[in-house]
Amino acid sequence: MNYESKLSCVARGIKSSIIRELLKVANDPGMISFGGGVPDPDTFPRHKMAEIAKDIIENEYKFVLQYGTTEGDQELMQGYIDLLKKYENIDWLNYDNMVITVGSQQALYLIGITLLDEESYCAVSRPIYLGAASAFVQRNPHFINVPLLKDGIDLDYLENELEKLKKEGNIDKFKFTYVVSNFHNPAGVSMGLEKRKKLVELAKKYDFLIIEDDPYGALRFEGEKVDTIYSLAPDRTILLNTFSKVLSPGLRLGVVIGPKEIVRRVTMVKQAADLATPSLTQRLAAKFINENDLMEEIKPTIKLYREKKDSMMKAMKKHLGDIKGIDWTYPEGGLFTWVTLPKEFDTMEMFEIAKKEKVLYIPGVAFYVDEPDKNTMRISFCLPTHEEIDEGMKRLRNSINKYAEQ
Ligand code: PMP
């Protein structure tokens, strides 16, 4: 049978994730990987979670083993409302401002369906988080690719593009600007308060929504905490949060927070996708955040990542610092730094050399929906040990030297 002929255009166009393909070699013996962006499993509070899981399966089985509502478990919603009140000064939330999703990834997918048509426009950063790119690309919209600077997206560039759209008579088709406000994946950079306010001004002026994806905000090592864009403009921002980096990604729990009119539509789209987020993981997370101070719980995790970031910055300076034209970002939190090599480098080509040198990174080409900057790469510091970070950087330098000598 010709299966290909039965596929939809979307399925035909879909490509396997470059990251998954590249990281197949991550477990080869002796390999040092700066590739994967997954949290360190030793940070998961497994003993406490095991106790809660046993308790709720035995005593709350009528809820946790049953279908739930599409909106989500109200115990978890309430726990989340309390967290946002305590840590973000957001004190106006009701249940109808939120829907629990299967991770933020589902939220991105649902938002694509809820807001984008083929003729729609949306603005994204370049580079962009790969998962957002794959979710939005499925709707085949027009992308405005806004350069990402060290303090967030280039708002002058964005405004210029919006003016163009206005002149063309297409501004009504412009739906949203998508940003990762804290410790960007892949770039490691954050948007300052002034820039957040300016983005909100632009959103008002050109009447668009802001999608604020913030999985890493709680993982701040240093610097001042910055207000969420959502708290500056709750009527036109959709905030995406997740338990993946603060509790465990295996729970697959995220939350969409926003104007109730939008949340209702996202919920209806979700109903068609999966009826409901698993009741068991929702109640498990709800009990965990009710019984523990989540921000206290993640302090050791933050310390661990801060120390690894310090080792990474030190190793980069030591092994890469003398390369003319090289640049990398300094993350105040999160899991990543972004390296830009001189223009003549192609990190995808160099990947084969690095593999032989037994070090892995993610070539930057994975993070663009337009023509990629081939001389870039994402470096993650969360999983390797301090010794591996130094040794891995030494190997990366060897790879760079070998590539340059070719
Ligand atoms: N957004 C960003 C920026 C991310 O880095 C990730 C995780 N890599 C996600 C969303 C999705 O996270 P999850 O589905 O695990 O909540």
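As a convention, each chain's residues are numbered from 1 in the sequence order in which they are written. In keeping with the model being predicted, local features are shown solely for residues with a pLDDT of at least 70 and side-chain atom pairs are shown and tallied solely at 80 or more, while totals for entire chains, interfaces and linings include all residues.

Caption draft 1: Inspection of the sheet that holds strand β10 (residues 327–328) at higher detail. Here the rule is simple: two strands pair whenever DSSP picks up at least two bridges between them. Labels follow the DSSP assignment, with helices taken as runs of H or I lasting at least four residues and strands as runs of E lasting at least two, numbered in each case from the N terminus. Here four strands make up an open sheet; going across it, the order is β10-β11-β14-β13 and the pairing antiparallel. Strands with a single pairing partner mark the edges of an open sheet, and in this sheet they are β10 and β13 (362–363). Pairing analysis gives five bridges linking strand β11 (residues 336–340) to strand β14 (residues 376–380), with the strands arranged antiparallel. When the bridges of β14 are listed, W338 appears paired with R378.

Caption draft 2: Local environment of the site of the ligand. We count a residue as near a molecule or strand when its backbone-placed C-beta atom lies within 6 Å of that partner. Near the ligand there are 14 residues, and of these G103, Q105, N185, T242 and S244 occur at the shortest range. With three residues, helix α6 (residues 103–115) is the single largest residue contributor to the shell around the ligand. Its residues placed into classes, the shell around the ligand shows four nonpolar, nine polar and one charged. Three residue categories are used. Nonpolar comprises Ala, Val, Leu, Ile, Met, Phe, Trp, Tyr, Cys and Pro, charged comprises Asp, Glu, Lys and Arg, and polar comprises the others, including Gly.

Caption draft 3: Spatial organisation of the nonpolar core. Here a nonpolar core is just a set of buried residues of the types Ala, Val, Leu, Ile, Met, Phe, Trp, Tyr and Cys, joined wherever their C-beta atoms sit within 7 Å. Exposure is read from a count of other C-beta atoms within 10 Å of each residue's own; the residue is exposed at 12 or fewer, buried at 20 or more and partly exposed in between. C-beta atoms are placed from the backbone. With 107 residues, the main nonpolar core has C122, A132, V256 and A285 as its most contacted residues. Filtering out sequence-adjacent residues up to four positions away, C122 remains in contact with L116, F136, P141, F143, K175, F176 and Y178. Any residue pair is listed as a contact if its two C-beta atoms, each placed from the backbone, are within 7 Å.

Caption draft 4: How the structure looks around the sheet that holds strand β5 (residues 152–153). Pairing within the open sheet is mixed, and its eight strands lie in the order β2-β9-β8-β7-β6-β3-β4-β5. Edge positions in the sheet fall to β2 (98–101) and β5, since each has one partner strand and no second. Where strand β3 (residues 121–126) and strand β4 (residues 142–149) come together, six bridges link them in parallel fashion. Of the residues in β4, the one forming a bridge with Y121 is H142.

Caption draft 5: Up close: helix α12 (residues 279–291). Multiplying 1.5 Å by the residue count of a helix minus one yields the expected span of that helix. Taking 1.5 Å of rise per residue, 13 residues should cover 18 Å, and α12 covers 18 Å from first to last C-alpha, within 8% of that figure. Among the 13 residues in α12, 11 count as buried, and that is most of the element. Where α12 is concerned, the buried positions are S279, L280, T281, Q282, R283, L284, A285, A286, K287, F288 and I289. On the buried face of α12, the contacting elements are α3 (46–59), α4 (61–64), α5 (74–88), β2 and α13 (294–297).

Caption draft 6: Structural detail: the environment of P45. One can find P45 in the loop between β1 (32–33) and α3. Sequence separation of P45 and S248 is 203 residues, and the distance between their C-alpha atoms is 8.3 Å.

Caption draft 7: Representation of helix α16 (residues 386–405) in the model. The end-to-end C-alpha separation of α16 is 29 Å, in line with the 28 Å expected for 20 residues at 1.5 Å each. Those residues of α16 lying buried are E388, I389, G392, M393, R395, L396, R397, S399 and I400. Those residues of α16 hidden inside the fold are in contact with β1, α14 (299–320), α15 (347–357) and β12 (359–360).

Caption draft 8: Inspection of the packing of α6 against helix α11 (residues 260–274) at higher detail. Viewed as axis vectors pointing N to C, α6 and α11 meet at an angle of 115°, and their least axial separation amounts to 9 Å. Between α6 and α11, the interaxial angle falls into the category roughly perpendicular. Crossing of α6 over α11 shows right-handed handedness. Two secondary-structure elements touch here, α6 through L110, I111, I113 and T114 and α11 through R265, V266, V269, K270 and A273. The residue makeup of the contact of α6 with α11, split by class, is six nonpolar, one polar and two charged. Axis definition: a line fit to C-alpha positions, over the contact stretch in the case of helices; interaxial angles, taken between N-to-C directions, run 0 to 180 degrees. In what follows, roughly perpendicular refers to angles from 65 to 115 degrees, roughly parallel to angles under 35, roughly antiparallel to angles over 145, and oblique to any angle outside these ranges. In this scheme, a crossing is called left-handed if the near helix is turned counterclockwise away from the far one by less than a right angle; it is called right-handed if the turn is clockwise.

Caption draft 9: Quick look at the UniProt feature "domain: Aminotransferase class I/classII large" (unreviewed entry) in the protein. Cross-referencing UniProt, the feature "domain: Aminotransferase class I/classII large" (unreviewed entry) maps to residues 32–396 in the present numbering. A helix fraction of 44% and a strand fraction of 16% characterise residues 32–396, whose end C-alpha atoms lie 10 Å from each other. UniProt positions are given in the numbering used here, feature names are shortened, and annotations may be inferred rather than shown by experiment.

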